[in-house]
Amino acid sequence: MPKSAYYITTPIYYVNDVPHIGNAYTTIIADAVARYHRLKGENTFFLTGTDENAIKVAAAAKDRGMEPKAFADQLAEQFREVWKTLDIQYDGFIRTTEPRHIKVVEAIFSRLLEQGDIYKGNYEGWYCVPCETFFAEGELECGKCSSCGREVEWVAEENYYFRLSAFSERLLAHIEANPGFLQPEFRKNEVVNFIKQGLRDVSITRKNQGWGIPVPGDPGKVIYVWFDALINYISAIGYLADDEKFNSLWPADLQLMGKDIFVRFHCTFWPAMLMGLGLELPKVFFGHGFWTLDGEKISKSKGNAISPAELAGDLAEESGARLDIALDAVRYFVAREVSFGLDGDFSMKSFRNRFNSDLANDLGNLLNRTLSMLNKYFDGVIPDPKHFSGGLAPVIAGASNTAAEAFDKLEFTKGLEAIWSIISAGNKFVNDMKPWDLEKEGKTDELAGVLYSALEVARAAAIMVSPFMPATAMEIARQLGIKDQFASLKWANVNDEKPFAVGTKTQGPDPIFPRLGSKKKEDKPKVEQIPEEVSKAVEAQEAPKPADELISYDYFSKMKLKVAEVIAAERIEKADKLLKLKISLGDEEREIVAGVAESYAPEELVGRKIVIIANLQPAKIRGVISNGMLLAAEIDGKAILLQPENSDVPAGTKVK
Ligand code: ME8
């Protein structure tokens with residue numbers, strides 16, 4: 001059977017700890033994309049799973065006094081449970097300790113060995129256990145792992161190698177010939193540079209310490225966890241076992257992952273392995289950005305991980321929303337808050353704001369007020385809108401096109417904005433048409449038309465947001481009295497003419513998103529903030545203070561100043577003085593808003609090294625979340641950037 005389904009994957013996560021918001025992010029987005037393709041009527045297969053043969057999994061098991069397999073069984077189950085809680089509808093779940101996977105890994109190893117893409121040699125070099133990555137001497141930073149900054153260990157072993165160096169030219173040619181293969185565009189350059197620097201062959205075995213897949217015919221060694229793990233994308237869909245299934249799905253349409261495992265593993269090693277096997281390459285690799293918490297990387301091993309379920313539990317408790325609705329709010333927030341591809345800093349304040357403004361005030365309000373009026377004026381029964389013209393159908397049609405185009409391009413923020421534009425239009429329409437006056441004036445037909453149109457918007461929005469907020473969409477459908485047909489509706493039904501049967505009995509309204517009260521609950525997770533006096537002083541860039549107001553060295557040392565590189569810059573609409581800058585701090589990217597538009601054109605800034613305050617509390621400025629502030633001198637109102645004297649200083653370098 002030829003390829004006949006949309007196939008999307010997430011990374012398989014290490015089972016060294018329970019899932020956190022980072023793993024949940026990739027999985028939520030993948031789930032939303034899969035649901036969107038199903039909604040368009042496409043056959044879809046969504047794969048996720050767990051990566052279990054890693055040394056760090058065995059180490060985590062040992063720490064808890066457990067056997068690795070029993071520990072992996074327990075954690076894999078917890079991953080499944082969290083995905084169930086988050087309503088992740090995967091079609092396949094693969095564990096790398098499953099026999100169906102191990103068999104394929106062994107077969108691939110043997111085949112590549114036989115054809116000379118794998119050979120035996122001696123390996124000496126550094127290995128970072130937390131990252132499960134080999135490093136050459138020059139790749140370390142100050143003797144530590146250049147990825148996570150932790151201690152590395154020296155490894156000297158006889159090993160098998162994968163002949164990665166032989167694939168450089170083919171990889172570059174494929175990237176060149178297939179625009180869109182590596183996304184987002186700015187990460188593609190990282191891959192090209194990495195390959196052009198010269199690829200070294202990769203050691204793909206380790207000494208067998210009792211955990212991992214033994215090398216066929218050489219059981220003193222186990223297969224390197226990345227060689228094993230990447231194969232999950234094909235072992236899970238029947239490679240070498242079920243040709244029909246495999247051919248109907250491969251090549252994958254979209255492989256999603258974070259930027260940490262994009263360049264080296266997914267865009268270099270994995271495609272080279274596929275080339276060695278004579279298989280087609282996936283259509284798109286997308287490396288999204290990282291969420292940080294107060295500027296710090298969130299990770300299981302750093303112990304500052306936020307649990308999505310706890311976050312939702314707290315929201316549900318405080319607001320009184322249903323738990324599945326609060327979980328939807330988490331799903332919505334991560335998709336909406338940060339452009340997909342860029343980094344984002346998680347803040348409870350923006351999470352709460354989004355809940356109150358987008359969900360309670362906009363979407364919730366539209367449904368509540370319309371259903372209340374329908375109850376009052378038409379006993380909650382959908383009236384005949386026959387005498388009404390001038391509804392919102394054209395606005396809905398325009399937004400559904402924009403949203404679909406955006407979702408097709410993985411621009412979720414833009415797509416959701418388009419959907420929210422009709423929600424706002426619906427609320428405005430009700431305000432402008434004043435149904436309460438129409439009722440007083442006895443204009444019943446017009447009144448019916450206005451309420452019908454407002455309900456049309458709620459219905460269209462429910463269909464379009466359903467990939468991101470499935471429980472919410474279903475609850476809206478229930479209140480609209482269309483729950484039974486809702487599950488079978490497709491994206492095309494957004495534009496149905498006269499979508500409600502006259503006489504349909506609606507339910508409620510039951511407020512779906514009860515507003516979070518003005519009483520601010522203590523923010524969770526607790527984030528160590530820099531003292532307010534310090535941030536205020538910095539923000540105001542005040543003149544030197546009298547001696548008794550001088551700040552202490554301790555105060556100053558709390559400020560994290562860093563060199564950053566400007567990757568992109570653009571003007572902010574209706575703000576003559578402001579530019580939005582995308583900056584790189586080496587291992588993360590951020591957006592900041594800077595008041596330098598009167599001194600610099602956006603294009604003058606791209607590529608420049610600047611100095612920023614990296615741990616300033618995020619602030620929303622003209623709708624943009626600014627995560628940091630650049631330093632500039634000011635003469636007669638003109639900003640002059642502070643820059644390192646030498647532009648080779650790497651982005652991320654601390655300024656003291
Ligand atoms: O790397 N922000 O597994 P892993 C956004 N087993 N996404 C994040 C994140 C954050 N702060 N933290 C983690 C592995 N992620 C390998 C993968 S695939 C063949 C093998 C997400 O458990 C993001 O998708 O360390 C990242 O790439 C992945 O979790 C790493 O998960």
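Cut-off values and rules
Residues numbered from 1 in each chain as written. Predicted model: local features only at pLDDT ≥ 70, side-chain atom pairs only at ≥ 80, totals over all residues. Heavy atoms only, no water. Phe/Tyr/Trp six-rings, centres within 6.5 Å; stacked < 30°, edge-to-face > 60°. Helix = DSSP H or I, 4+ residues; strand = E, 2+ residues; numbered from the N terminus. Lys NZ or Arg CZ within 6 Å of the ring centre and 35° of its normal. Buried < 20%, exposed > 50% of the residue type's maximum accessible area, 1.4 Å probe, protein only. Contact = heavy atoms within 4.5 Å. Axes fitted to C-alpha atoms, helices over the stretch in contact; angles between N-to-C directions. Parallel < 35°, antiparallel > 145°, perpendicular 65-115°, else oblique. Left-handed = near helix turned anticlockwise from the far one by under 90°.

## Side note on the packing of aromatic side chains
Phase 1 of the analysis: Across all of its chains, the model carries 40 aromatic pairs by this definition.
Phase 2 of the analysis: Ring geometry for Y7 against W250: centres 6.2 Å apart, planes inclined by 65°, an arrangement best described as edge-to-face. Linking Y7 in strand β1 (residues 6-14) with W250 in the loop between α9 (243-249) and β12 (254-258), this pair joins segments that are 243 residues apart in sequence.
Phase 3 of the analysis: Considering the side-chain rings of W126 and W154, the 5.0 Å spacing of their centres and the 75° angle between planes classify their relative orientation as edge-to-face. Of this pair, W126 sits in strand β4 (residues 118-128) while W154 sits in strand β6 (residues 153-162), and the two are 28 residues apart along the sequence.
Phase 4 of the analysis: Ring-pair connections join several aromatic residues into one group, and the members of that group are Y25, Y36, F286, W291, F333, F340, F346, F351, F407, F412, F468 and W491.
Phase 5 of the analysis: Above the face of the Y127 ring, R206 is positioned so that its terminal group lies 4.1 Å from the ring centre.

## Remarks on the side chain of E589
Phase 1 of the analysis: Turning to its location among the elements, E589 is positioned in strand β19 (residues 589-594).
Phase 2 of the analysis: Given a relative accessible area of 8%, E589 falls into the buried group.
Phase 3 of the analysis: Those residues in contact with E589, other than ones at most four positions away along the chain, are F186, R187, K259, L342, D343, I567, I583 and S584.

## Remarks on the packing of helix α14 (residues 393-408) against helix α15 (residues 412-433)
Phase 1 of the analysis: Interhelical geometry of α14 versus α15 gives an angle of 165° and a closest axis separation of 7 Å. Between α14 and α15, the angle falls in the class roughly antiparallel. In terms of crossing hand, the pair formed by α14 and α15 is left-handed. Of the residues in α15, those touching α14 at V395, I396, A399, T402, A403, A406 and F407 are F412, K414, G415, L416, A418, I419, S421, I422 and A425.

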